Structure formats: C-alpha cells, structure tokens
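The lines below spell out each chain.
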Amino acid sequence: MQAMIQGLLEARREPNDAEPNMRLDGTAVGKRGGKGHIEHKMIRDSKTGREYGPYRYLRYRGISRKTGKQALLSVYLGKVAPASST
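Colleague: What should I look at first to understand a nonpolar patch on the surface in this one?
Modeller: Taken together, Met1, Ile5 and Leu9 make up a surface patch of nonpolar side chains, about 360 Å² in accessible area. Within the secondary structure, Leu9 sits in helix H1 (residues 2-12). Classification of Leu9 by relative accessible area gives exposed; the value is 54%.

The structure is reproduced here in structure tokens:
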C-alpha cells in the first residue's frame with residue numbers, strides 16, 4: 001500500500017520552482033517531467049491460455065531497489081472496475 005501511495009504522489013507531484021525538482025526516491029526530475037502513466041494489463045495463464053484482467057498499474061521512472069539504477073517501475077493499483085450501464 002505504501003509503494004502504491006508513494007508512486008501516485010510521485011506521478012502527480014507538481015514541479016516547484018523554489019527548490020530543485022526531485023522525486024521521492026532522490027533522483028532529479030528530467031526535462032520531460034517524469035510524471036508517469038496508468039497502464040491496463042491483461043495477465044495470461046500459461047497453463048490454460050486464459051486471460052485475466054484488466055489490471056491497473058502505475059508506471060514511472062525511478063531507482064530500482066534491486067539494481068540501484070534507474071528503471072521503469074510499476075505499482076499495482078487494482079483491477080479495473082466494470083463500467084456501469086446507466
């Protein structure tokens with residue numbers, strides 16, 4: 001839950017001219033903004049071939065805990081709610 005909230009805050013963070021543009025993980029925000037986006041993803045069962053989803057993921061650039069280098073990171077946001085038929 002904490003990673004999801006941190007990712008959302010990082011993706012929505014507005015640049016502040018008074019202080020250097022820094023992300024929550026300590027890296028500088030690039031000239032393109034470094035905002036992030038929501039991605040819908042289908043997951044395929046390798047045994048049956050059946051697909052599940054769509055699931056929502058927040059995708060953003062940040063520092064990977066595994067490698068310590070910049071990478072494309074994702075945070076699971078939950079299953080996409082079905083559209084209401086009203």
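After that view of the structure, there is still more to cover.
Colleague: In this structure, what is going on with the packing of aromatic side chains? I would like to understand it.
Modeller: The relation between two aromatic rings is expressed through the spacing of the ring centres and the mutual angle of the planes. Taken as a whole and assessed by the stated rule, the structure comprises two aromatic pairs. Plain terms: the ring middles of Tyr55 and Tyr76 are 6.1 Å apart, the flat faces sit at 55° to each other, and that makes the pair tilted. Note that Tyr55 is positioned in strand E2 (residues 51-63) and Tyr76 in strand E3 (residues 70-79), a separation of 21 residues in sequence. The aromatic ring of Tyr57 is capped on one face by Lys41, whose charged end is 5.5 Å from the ring centroid.

Colleague: Got a minute to help me understand the sheet that holds strand E1 (residues 37-44) in this structure?
Modeller: Where strands meet in a sheet, backbone hydrogen bonds hold them as pairs that are either parallel or antiparallel. Taken in spatial order, the three strands make up an open sheet running E1-E2-E3, and their pairing is antiparallel. Edge positions in the sheet fall to E1 and E3, since each has one partner strand and no second. Pairs of neighbouring strands in the sheet enclose a mean axial angle of 40°, with direction left out of account.

Colleague: Would you mind going over the side chain of Ser64 with me for this structure?
Modeller: Here Ser64 lies in the loop between E2 and E3. Within the structure, Ser64 has its side chain in polar contact with the backbone nitrogen of Thr67 (distance 3.4 Å).

Rules of the game
Residues numbered from 1 in each chain as written. Predicted model: local features only at pLDDT ≥ 70, side-chain atom pairs only at ≥ 80, totals over all residues. Heavy atoms only, no water. Patch = residues over 30% accessible without salt bridge, like charges linked within 9 Å, V, L, I, M, F, W, Y side chains within 5 Å. Areas by Shrake-Rupley, 256 points an atom, 1.4 Å probe, with all protein chains shown as cover. Salt bridge = Lys/Arg side-chain N within 4 Å of Asp/Glu carboxyl O. Helix = DSSP H or I, 4+ residues; strand = E, 2+ residues; numbered from the N terminus. Buried < 20%, exposed > 50% of the residue type's maximum accessible area, 1.4 Å probe, protein only. Phe/Tyr/Trp six-rings, centres within 6.5 Å; stacked < 30°, edge-to-face > 60°. Lys NZ or Arg CZ within 6 Å of the ring centre and 35° of its normal. Pairing = 2+ DSSP bridges. Axes fitted to C-alpha atoms, helices over the stretch in contact; angles between N-to-C directions. Polar contact = N/O pair within 3.5 Å; in protein donor to acceptor, adjacent residues only side chain to side chain.

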